[in-house]
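Take a look at the letters that make up each chain.
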Amino acid sequence: MDGAAPLVVNVFVAGATGAIGVPTVKALIAAGHEVTGTTRAESKRAAIESLGARTVVMDALVPDSVMRAVERASPDVIVELLTRLPDVPMRASDLEATNLLRTQGTANLIATKGRAHLVAESIAFFYGSSPQIFTENDEIPENMSPPMVQPAATALRAHEDIVRAAGGVVLRFGLFYGPDTRSSRIMARRMRRRIGPVIAGGRGVLPWVHVEDAATAVVAALRRAKPGEVYNVVDDEALTTRQTLDAFAEAVGAPRPWSVPKMMARLTAPYLAELMTWEVRVSNEKAKRELDWSPIYATVREGARTLSGI
């Protein structure tokens, strides 16, 4: 990175079967890199190998397992994409497993990475809710509101701190979507059945990024990212939740979503009710300037068209 990484590198992708893991493996191989992808399940090895990557079974929370996997791959770069989320997180407790991966799992990778560079996934919508446009100079707040999101924010701050202290690069991604993601397929099915409402009129604003654009940002980071830096990887323009869900509904042939009050949504999906009413506008100018990266899909309006066949 920043001129230090060779043109073709041996890349170790931790979390290769996730929403962003699969397109990242594809993009790295298309760029000519050698890739080893990790999975916790022996049954998923074939899926990774079908993409042209080598595979290793690894439990990121077990130090010995991580050490064996990294030593076997002997990578030039480690790409950390570790999450363990349900398809649609409804409650703060749904984030607990991922919080642990972002702290203990990342620490295990760093302890065994040797001379390998590190590129790690973070989140662009945990800046908090505010009318301002957030840049990489803004930190994840120490005290988030409401309290239910505090454990996730604390874990994310710790995650970024240990990555940057190790000279790694942090990519703060928007919310993922794409035709091959399980979450988008579930969303399409729910919208067709009219069980995917807009919360509080859809006035919230959140950053999104198509998984193909997220993957190309990872590839760009290998070549151009500066050690210890943070980059926002999001669409050019954040739309309101109403505009976003309307675009998704049109793409998948579903009726326009109906709206429910935030108080009602809190009864069944408290975390989702909070997130979907936040106002989070995020700049991607630094990634464009320093990584020479731009999203293919400038907004969800364009990217949602890729969902038409799901």
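Note: the structure precedes this text.
Residues numbered from 1 in each chain as written. Predicted model: local features only at pLDDT ≥ 70, side-chain atom pairs only at ≥ 80, totals over all residues. Heavy atoms only, no water.

### Focus on unusual backbone geometry
For the bond from Ser145 to Pro146, the omega torsion is 0 degrees, close enough to zero to count as cis. Following the sequence through the fold, Pro146 ends up in the loop between strand E6 (133–134) and helix H5 (150–165). Look at Arg194: it is not a glycine, yet its phi comes out positive at around 60 degrees. We note that Ala200 has phi near 55 degrees; this positive angle belongs to a residue other than glycine. Looking at where Ala200 falls in the secondary structure, it is placed in the loop between strand E9 (198–199) and strand E10 (208–210). A relative accessible area of 17% means that Ala200 is categorised as buried. (Helix = DSSP H or I, 4+ residues; strand = E, 2+ residues; numbered from the N terminus. Buried < 20%, exposed > 50% of the residue type's maximum accessible area, 1.4 Å probe, protein only.)

### A look at the nonpolar core
By size, the foremost hydrophobic cluster in this structure holds 45 residues, and its most contacted members are Phe125, Phe126, Leu206, Phe248 and Val300. Contributing elements (two or more residues each) for this core: H5, strand E8 (175–177), helix H6 (182–192), E9, helix H8 (241–252) and helix H10 (270–275). In terms of residue count, H8 provides more of this core than any other element does, six residues in total. Once residues lying within four places of it in the same chain are set aside, the contact partners of Phe248 are Tyr177, Met187, Met191, Trp208, Val300, Ala304 and Leu307. One finds Val11, Val35, Phe173 and Leu291 within the second-largest nonpolar core, a separate group that totals 34 residues. (Core = buried A, V, L, I, M, F, W, Y, C linked by side-chain atoms within 4.5 Å. Contact = heavy atoms within 4.5 Å.)

### As for the packing of H6 against H8
Here H6 crosses H8 at 85 degrees, and the two axes come no closer than 10 Å. Between H6 and H8, the angle is such that the two are roughly perpendicular. On H8, the residues touching Met187, Ala188, Met191 and Arg192 of H6 are Leu245, Phe248, Ala249 and Val252. Its residues placed into classes, the contact of H6 with H8 shows seven nonpolar, no polar and one charged. (Axes fitted to C-alpha atoms, helices over the stretch in contact; angles between N-to-C directions. Parallel < 35°, antiparallel > 145°, perpendicular 65-115°, else oblique. Nonpolar A, V, L, I, M, F, W, Y, C, P; charged D, E, K, R; others polar.)

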